[in-house]
Amino acid sequence: MTDHARHLNAHYDALVAGGGGSLVARLQAAFRAAGCDPDQLTLDAVAGIDQLHLGGRAASRSLAALGELEPGARVLDVGCGTGGAARLLADEFGCEVVGVDITAAFVAAAEWLSAATGLAGRTRFLCADAAHTPLTGAGFDLVWCQHALMNMPDVPAVLAEWRRLLVPGGRVLLHEVVAGDNPEPLALPVPWARTAATSHLQRREALEASLETAGFMPVCVRDVTEAALAWRQKHTRREAGGETPPPLPGPALIFGPEFAEMGRNLRDNLAGGKVRILEGTWRLA
């Protein structure tokens, strides 16, 4: 395992190091406590733990609509986390999805959740570095990536891998956190990093230049920061006890007790112009 992989596994699976048991075991126990059979779950029931990005399912649906997805599309979900977007694309848009994530605990959770929700036949997952996957070239119509590039230190290598894996004319759908105009240091921790050393935010201009250099031409790119901030503010109130939380498992079971602080810091970073959120689609030239 590379240092990069070790850092990300330590961040996203921090509770296991503290004796909290595996991620899958924790989540299954939490569903049982909520009165659910962990082997028979609905997509609504798992929404709190399978959409680990700003905007939740609404953001994924917005990105899918922007990309005009069609049934049967072969999609590579890069940085798939626990597989929520992969399952949404399979269930609502009829796509065949392969998810890739460097965090082994996420891949194990994604496989369990797809089986529990009846979507194992249309989604599969592998643990791999996004810059070096074992997948066959030209096997995908679309690369899907939500809130993952900020964890990847070598974006040009990742984009080169996307180019290898896409068919001619293939597309990239991206929903990403980028650096804002405020140069002050981020308030940390945030959901993707506990220290500055593991946060790899790029400015929008740099990311777009990297995509163009890799051969991806923009089709539609828009700033969705205000919507993301409103969503984060709502969820910060809920996490603080201002709204009654649902009894179903949420992201604190993944990130640990620091998650409330991570959410507040993300809200403040968004409000202070330290980060912004992009949504866009690019086509391989």
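Parameters and conventions
- Each chain carries its own residue numbering, running from 1 in the written order of its sequence.
- Where totals are concerned, whole chains, interfaces and linings use all residues; where local detail is concerned, this predicted model gives features only for residues with pLDDT of at least 70, and gives and counts side-chain atom pairs only at 80 or more.
- For side-chain calculations, the full set of non-hydrogen atoms in the structure is used, while hydrogens and water are omitted.
- A pair of strands counts as paired when DSSP detects no fewer than two bridges linking them.
- The helix and strand labels rest on DSSP assignments: H or I over at least four residues marks a helix, E over at least two residues marks a strand, and numbering proceeds from the N terminus.
- Throughout, an axis means a line fitted to C-alpha atoms (over the contacting stretch in the case of helices), and angles, computed between N-to-C directions, take values from 0 to 180 degrees.
- Between two residues, a contact is recorded if the distance between any of their heavy atoms is within 4.5 Å.
- A helix's residues, less one, multiplied by 1.5 Å, set its expected span.
- Accessibility here uses a 1.4 Å probe with only protein chains present; expressed as a share of the type maximum, an area under 20% marks a residue as buried, one over 50% as exposed, and anything in between as partly exposed.
- The arc in question is traced by the directions running from the helix axis to the C-beta atoms.
- Computed over the protein atoms alone on a 1 Å grid, cavities are sets of points where a 1.4 Å probe fits but cannot get out and pockets are open sets with protein on both sides within 12 Å along at least five of seven lines; a residue lines them when it has an atom within 4 Å of a point.
- Grid points are joined across faces, edges and corners, and a volume is the space filled by probe spheres set on the points.
- Criterion for a disulfide: a pair of cysteine sulfur atoms within 2.5 Å.
- An angle counts as roughly parallel when it lies under 35 degrees, as roughly antiparallel when it exceeds 145, as roughly perpendicular when it falls between 65 and 115, and as oblique in every other case.
- Each residue is assigned to one of three groups, with Ala, Val, Leu, Ile, Met, Phe, Trp, Tyr, Cys and Pro labelled nonpolar, Asp, Glu, Lys and Arg labelled charged, and all others, Gly among them, labelled polar.
- Convention used here: a crossover is right-handed provided that the path from the first strand, over the helix, to the second strand proceeds clockwise when the strands point away from the viewer.
- Under the pairing criterion, centres of Phe, Tyr and Trp rings, with the six-membered ring standing for Trp, must be within 6.5 Å; the plane angle then separates stacked pairs below 30 degrees from edge-to-face pairs above 60, leaving the rest tilted.
- What makes a nonpolar core is a set of buried Ala, Val, Leu, Ile, Met, Phe, Trp, Tyr and Cys residues whose side-chain atoms join them at distances within 4.5 Å.

Per an unreviewed UniProt entry, the protein goes by the name Ubiquinone/menaquinone biosynthesis C-methylase UbiE and belongs to Halomonas campaniensis.

Draft legend 1. Seen up close, the sheet that holds strand 1 (residues 74-78). Pairing in this open sheet of seven strands is mixed, and the strands run 3-2-1-4-5-7-6 from one edge to the other. Edge strands, defined here as strands with exactly one partner in the open sheet, are strand 3 (123-127) and strand 6 (216-223). Ignoring strand direction, the axes of neighbouring strands in this sheet form an average angle of 20°. Its contacts with the sheet put helix 7 (residues 104-116) on strand 2 (96-101) and strand 3, and the angle it makes with strand 3 is roughly 165°.

Draft legend 2. Focus on helix 12 (residues 259-271). Under the 1.5 Å per step criterion, the end-to-end length of helix 12 is 18 Å for 13 residues, consistent within 8% with the ideal 18 Å. Within helix 12 the residues assigned to the buried category are Phe-259, Met-262, Gly-263, Asn-265, Leu-266, Asn-269 and Leu-270. Within helix 12, the buried residues cover an arc of 165° as seen down the axis, which keeps them to one side. In this fold, the buried residues of helix 12 make contact with helix 1 (3-12), helix 10 (225-239), helix 11 (252-255) and strand 7 (275-284).

Draft legend 3. A look at empty space enclosed by the protein. This model, assessed by the stated rule, comprises one cavity of 30 Å³ or more. Top contributing element to the lining of the largest cavity by residue count: strand 5 (residues 166-179), with three residues.

Draft legend 4. Highlighting the state of the cysteines. On inspection of all chains with the given rule, the structure shows zero disulfides. Unpaired in terms of disulfides, Cys-127 finds its nearest cysteine sulfur in Cys-80, a separation of 9.1 Å. Not engaged in a disulfide, the cysteine Cys-145 finds its nearest cysteine sulfur in Cys-80; these two sulfurs lie 10 Å apart.

Draft legend 5. Seen up close, the environment of Gly-180. Structurally, Gly-180 can be placed in the loop between strand 5 and helix 9 (204-213). In sequence terms Gly-180 and Phe-31 are 149 residues apart; their C-alpha atoms lie 38 Å from each other.

Draft legend 6. Quick look at the packing of helix 3 (residues 23-33) against helix 7. Where helix 3 contacts helix 7, the two axes come as close as 8 Å, and the packing angle between them is 40°. Accordingly, the angle class assigned to the pair helix 3 and helix 7 is oblique. Here Leu-23, Val-24, Leu-27, Gln-28 and Phe-31 of helix 3 come into contact with helix 7, specifically with Ala-105, Phe-106, Ala-108, Ala-109 and Trp-112. The class makeup of the residues in the contact of helix 3 with helix 7 is nine nonpolar, one polar and no charged.

Draft legend 7. Region of interest: the pairing of strand 4 (residues 140-146). Most of strand 4 is tucked away: six of the seven residues are buried. Here strand 1 pairs with strand 4 via four bridges, running parallel. Across the sheet, Val-78 pairs through a bridge with Cys-145, a residue of strand 4. Alignment of strand 4 against strand 5, held across six bridges, turns out to be parallel. When the sheet's bridge partners are listed, Phe-140 is paired in strand 5 with Leu-166. Assessed by its sense of winding, the connection that carries the chain from strand 4 through helix 8 (residues 155-165) to strand 5 is right-handed.

Draft legend 8. Broad picture of the packing of aromatic side chains. Inspection of the entire model under this criterion finds four aromatic pairs. Taking 6.0 Å as the distance between ring centres and 65° as the angle between the ring planes, the aromatic pair formed by Tyr-12 and Phe-255 counts as edge-to-face. Pair noted here: Tyr-12 is in helix 1 and Phe-255 is in helix 11, with a separation of 243 residues, a long-range link. In terms of burial, Tyr-12 and Phe-255 fall into one category: buried. An angle of 70° between the planes, with centres 6.1 Å apart, marks the rings of Phe-31 and Trp-112 as edge-to-face. Taken as a pair, Phe-31 in helix 3 and Trp-112 in helix 7 lie far apart in primary sequence, 81 residues in all. This pair shows no difference in class: Phe-31 is buried, exactly as Trp-112 is.

Draft legend 9. Focus on the nonpolar core. Formed by 34 residues in total, the largest nonpolar core has its most connected members in Leu-23, Phe-31, Leu-41, Ile-49, Trp-112, Trp-192 and Leu-270. Contributing elements (two or more residues each) for this core: helix 1, helix 3, helix 7, helix 10, helix 11, helix 12 and strand 7. Here this core gets six residues from one element, more than from any other, and that element is helix 7. Residues within four places of Ile-49 in sequence aside, it is in contact with Leu-27, Phe-31, Thr-82, Leu-113, Pro-249, Gly-250, Pro-251 and Ile-254. Ala-128, Leu-159, Leu-174 and Leu-278 belong to the second-largest nonpolar core, a separate cluster that totals 32 residues.

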